[in-house]
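Spelled out, the chains give:
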Amino acid sequence: MQKLVDKEIIAKQMSSRIIRNQMFKGLFFLSTLFGLLVLGVLFYRIITQGIGYIDLDFFQNFASRRPENAGIKAAFIGTIWLMVVVAPVSLILGVGTAIYLEEYAKKNKFTSFIKLNISNLAGVPSIVFGLLGLTIFVRALALERSVLAAGLTMSLLVLPVIIVASQEAIRSVPKELREASFAMGATKWQTVLKVVLPAAIPGILTGGILALSRAIGETAPLIVIGIPMFVAFLPKTIMDTFTVLPMQIYNWTSRPQTEFQDVAAAGILVMLVLLILMNSIAVFIRNHFQKRY
Amino acid sequence: MNVTLLRSQSEQDEKTQMTHMEKEFVYKTTDLNLWYGSTHALKNVNLDLYENEVTAIIGPSGCGKSTYIKTLNRMIEMVPGVKTSGEIQYRGRNILDKSYGVEDLRTQVGMVFQKPNPFPKSIYENIAYGPKIHGIKNKKVLDEIVEKSLRGAAIWDEVKDRLKENAYGLSGGQQQRLCIARCLAIEPDVILMDEPTSALDPISTLKVEELIQELKKDFSIIIVTHNMQQAARISDRTAFFLSGEVVEYRDTTTIFSNPTDKRTEDYISGRFG
């Protein structure tokens with residue numbers, strides 16, 4: 001039999017192929033290292049600057065003109081208030097939309113057009129959502145600068161992310177499981193509730209928590225709808241005004257006194273810990289409840 | 001090939017005629033046509049399926065055998081762009097009629113799929129799923145249904161000590177028998193099986209085949225298989241599909257020993273397919 005594969009060429013190429021393999025390994029390692037280094041510097045600066053201000057008083061004091069008395073009580077509690085509105089509103093609307101699009105809507109051009117637009121919305125600058133919130137919730141519905149108005153605006157902002165994540169999770173449930181349920185005479189709703197959702201819930205919750213962490217960190221839409229930065233009281237109902245952590249941090253960083261830079265660093269630290277906590281919950285849910293098929 | 005002619009031919013067979021007289025139809029298919037978009041997948045199918053028998057449907061890939069069995073419980077509707085004409089009477093009622101509720105039909109007609117598809121739930125919950133969605137809530141009744149169904153599918157002894165464990169821990173063959181048990185749990189009239197052993201090893205296949213022999217006492221079974229030996233081993237009657245048409249349909253012994261149509265003979269003797 002005639003041999004078409006020339007062993008000499010293979011031998012000649014071997015070493016350069018292996019070198020190229022090593023080169024790209026190094027390249028990818030360097031890209032990772034770059035990100036890690038920058039992150040490391042950021043952490044170092046924030047921790048050295050802010051750690052001195054973190055004590056019990058920092059959580060118990062309202063904002064103050066004097067850096068040594070300044071605290072994040074209003075902002076911290078305000079963030080929790082915001083989440084109380086954003087979490088249920090965005091999850092219910094988002095998961096509901098995803099279920100409708102994946103399970104009920106006819107698979108036609110119009111549906112794919114809507115799906116495409118939802119993915120696009122996830123990339124719209126947050127300030128645009130702020131303008132939308134200002135027009136609809138603050139002005140048209142006269143909710144003023146309340147927790148409710150801010151919460152609804154933030155819900156709109158994270159809704160596309162939650163919808164897309166939930167769609168992915170629902171789509172990853174094997175179609176064989178739906179067939180098994182339908183073949184036993186189950187209705188669509190029974191199939192969604194008892195088969196699709198239990199299998200999709202880890203993915204939905206992971207996406208949901210990541211979306212909520214985004215809502216915690218956003219400032220722009222809240223500035224647009226006019227949420228105050230200097231607040232020395234706590235909201236009593238969702239119709240009261242309030243402030244949140246990133247707003248408070250933004251306020252501190254824009255002050256002339258250098259001490260306030262350190263207070264801001266302390267605020268950033270609190271927020272980072274909060275975000276790491278939420279993301280850890282997302283990772284935990286993904287690892288422990290994910291079903292493999 | 002004129003199928004009506006085939007039917008009358010087989011009725012001339014005295015032995016077959018005897019069985020015809022004793023047994024009732026579960027399904028009576030008249031001039032069934034089915035299109036996927038513009039593809040004509042089933043062409044003028046006429047088939048009568050009998051009670052308490054195993055009917056095998058054989059034929060090469062793409063001949064429409066899976067399409068046909070999925071029409072019998074209307075699972076075919078999940079494929080977008082499917083159109084049908086003609087009639088399928090199940091116990092005297094046309095199931096292709098819009099007024100026939102699919103949920104109602106599928107309570108009578110269970111289905112076992114090609115790949116074992118247990119739910120990612122416990123073994124117990126897998127079996128109890130069917131009865132539960134139909135409104136049976138009594139824990140004692142459910143317990144009884146679970147045991148009866150698992151016994152019926154000859155898997156009780158293997159799983160009785162681990163009913164609370166996830167069904168994904170079972171082997172492929174056990175999973176398929178679990179799926180059969182899940183199907184029995186709604187106490188259907190007919191069981192449709194779409195190549196139920198094609199994903200299984202020979203020993204598991206044997207167990208499922210033995211089980212099918214056992215089940216036909218209480219259920220009417222329609223099985224699609226690409227394995228002709230399997231059809232010959234387990235079925236009472238065999239339909240040979242080719243390019244969406246029924247080429248030949250008669251009792252299994254006759255079709256395998258003395259096929260009338262040249263194409264059936266070629267397929268059975270392994271000349272194509």
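The written sequence of each chain sets the order in which its residues are numbered from 1. Lettering for chains starts from A, numbering for ligands starts from 1, and both go in the order in which the items are written. Local features are withheld for residues below a pLDDT of 70 in this predicted model, meaning they are given only at 70 or higher, and side-chain atom pairs are given and counted only at 80 or more; totals for whole chains, interfaces and linings count all residues. Values shown for side chains rest on all heavy atoms present in the structure; no hydrogens or waters enter the calculation.

## Overview of the overall build of chain B
The criterion, for reference: Secondary structure follows DSSP: runs of H or I at least 4 residues long count as helices, runs of E at least 2 residues long count as strands, and numbering of each begins at the N terminus. Each residue is assigned to one of three classes by its accessible area relative to the maximum for its type, calculated with a 1.4 Å probe on protein chains only: buried under 20%, partly exposed between the two thresholds, exposed over 50%. By definition in these notes, contact holds between two residues if any of their heavy atoms fall within 4.5 Å. Surface accessibility follows the Shrake-Rupley procedure with a 1.4 Å probe radius. Residue values consider only the protein chains on display as shielding. His is not counted, nor are the chain ends, whereas Lys and Arg count as positive and Asp and Glu as negative. Charge placement uses NZ in Lys and CZ in Arg. For Asp and Glu, CG and CD serve respectively.
Counting secondary structure elements, chain B contains twelve helices and ten strands. Taken over the C-alpha atoms alone, chain B extends approximately 55 × 40 × 35 Å along its principal axes. Going through the 273 residues of chain B one by one, you find that 53% of them count as buried. Restricting the contact set of chain B to residue pairs at least 6 apart, pairs at least 24 apart contribute 68%. In the structure as shown, chain B presents an accessible area of about 12100 Å², 49% of it carried by carbon and sulfur atoms. Here chain B contributes 35 positive and 38 negative side-chain charges, whose respective centroids are spaced 5 Å apart.

## So, the packing of aromatic side chains
Residues and elements named next belong to chain A. To keep it simple, the criterion reads: Two rings belonging to Phe, Tyr or Trp (six-membered ring only in the last case) form a pair when the distance between their centres is within 6.5 Å. Interplanar angles under 30 degrees mark stacking, angles over 60 mark edge-to-face geometry, and anything in between is tilted.
For the structure on display, the rule yields ten aromatic pairs over all chains. Ring geometry for Phe59 against Phe76: centres 5.8 Å apart, planes inclined by 90°, an arrangement best described as edge-to-face. In this pair, Phe59 sits in helix H2 (residues 56-60) while Phe76 sits in helix H3 (residues 73-104), placing the two residues 17 residues apart along the sequence. We classify Phe59 as partly exposed; its relative accessible area is 33%.

## Comments concerning the sheet that holds strand E1 (residues 25-36) of chain B
All names here are of chain B. To be explicit about the condition: Two strands pair if DSSP finds at least two bridges between them.
Read across the sheet, four strands follow the order E2-E1-E4-E5 without closing on themselves; strand pairing throughout is antiparallel. The sheet is open, and its two edges are formed by strand E2 (39-50) and strand E5 (93-94), each paired on a single side. Relative to E5, strand E4 (residues 82-90) runs antiparallel, the two being bridged by two bridges. Bridge assignment links Tyr90 to a residue of E5, and that residue is Arg93.

## Considerations on the UniProt feature "domain: ABC transmembrane type-1" (unreviewed entry) in chain A
To be explicit about the condition: UniProt positions are given in the numbering used here, feature names are shortened, and annotations may be inferred rather than shown by experiment.
Mapped onto the present numbering, the UniProt feature "domain: ABC transmembrane type-1" (unreviewed entry) falls on residues 76-282 of chain A. As a span, residues 76-282 of chain A carries 76% helix and 0% strand, and end to end its C-alpha atoms are 21 Å apart.

## Some details on the pairing of strand E6 (residues 109-112) of chain B
All names here are of chain B. By the alternation rule, side chains of E6 split into Val109 and Met111 and Gly110 and Val112, which are all buried. By the bridge criterion, four bridges tie E6 to strand E7 (residues 190-194) in an arrangement that is parallel. Bridge pairing links Met111 to Leu192 in E7.

## Brief notes about the nonpolar core
Using the following cut-off: Throughout, nonpolar core names a set of buried Ala, Val, Leu, Ile, Met, Phe, Trp, Tyr and Cys residues whose side chains join them through atoms within 4.5 Å.
Leu82, Val86, Leu222 and Trp252 of chain A are the most contacted members of the largest nonpolar core, which totals 47 residues. Sorting the residues of this core by element identifies H3, helix H5 (126-140), helix H6 (147-171), helix H8 (188-217), helix H10 (245-253) and helix H11 (259-289) of chain A as the ones contributing at least two each. Looking at which element gives the most residues to this core, the answer is H11 of chain A, with ten residues. Non-local contacts of Leu82 of chain A, meaning those with residues more than four positions away in its chain, are made with Val147, Ala150, Gly151, Met154, Ala215, Phe242 and Val244 of chain A. In this structure, Val208, Leu215, Met228 and Tyr267 of chain B belong to the second largest nonpolar core, which totals 44 residues.

## Notes on the interface of chain A and chain B
Let me state the cut-off plainly: Buried area is understood as the total, over both parts, of accessible area removed when two parts are fitted together, assessed with a 1.4 Å probe. In the sections that follow, a salt bridge refers to a side-chain nitrogen of Lys or Arg positioned within 4 Å of a carboxyl oxygen of Asp or Glu. Each polar contact in these results corresponds to two N or O atoms within 3.5 Å; when the atoms are within protein, one needs to be able to donate a hydrogen and the other to accept it, and residues that are neighboring in sequence are counted only if both atoms are side-chain atoms.
Contacts between the two partners involve 18 residues from chain A, matched on the other side by 21 residues from chain B. Around 1800 Å² of area is buried between chain A and chain B when both sides are counted, 68% of it from carbon and sulfur atoms. Our count for the chain A to chain B interface comes out at zero salt bridges. Counting across the chain A and chain B interface gives five residue pairs in polar contact (both at pLDDT 80 or more). Listing elements by their share of the side of chain A that touches chain B, those giving two or more residues are helix H7 (175-182) and H8 of chain A.

## Thoughts on the sheet that holds strand E3 (residues 54-58) of chain B
Residues and elements named next belong to chain B. This is how it is decided: To obtain an axis, a line is fitted to C-alpha atoms, over the contacting stretch when the element is a helix, and the angle between two such axes runs from 0 to 180 degrees between their N-to-C directions.
On the basis of which strands lie adjacent, the open sheet formed by six strands has the order E6-E7-E8-E3-E9-E10 and mixed pairing. For this open sheet the edge positions go to E6 and strand E10 (245-251), each flanked by a neighbour on one side alone. Ignoring which end each strand starts from, the neighbouring axes of this sheet average 15° apart. Note that strand E9 (residues 237-242) and E10 share six bridges and pair antiparallel. Looking at the pairing, Thr238 lines up with Arg250 of E10. Seen against the sheet, helix H8 (residues 172-184) touches E6 and E7 and runs at an angle of roughly 170° to E6.

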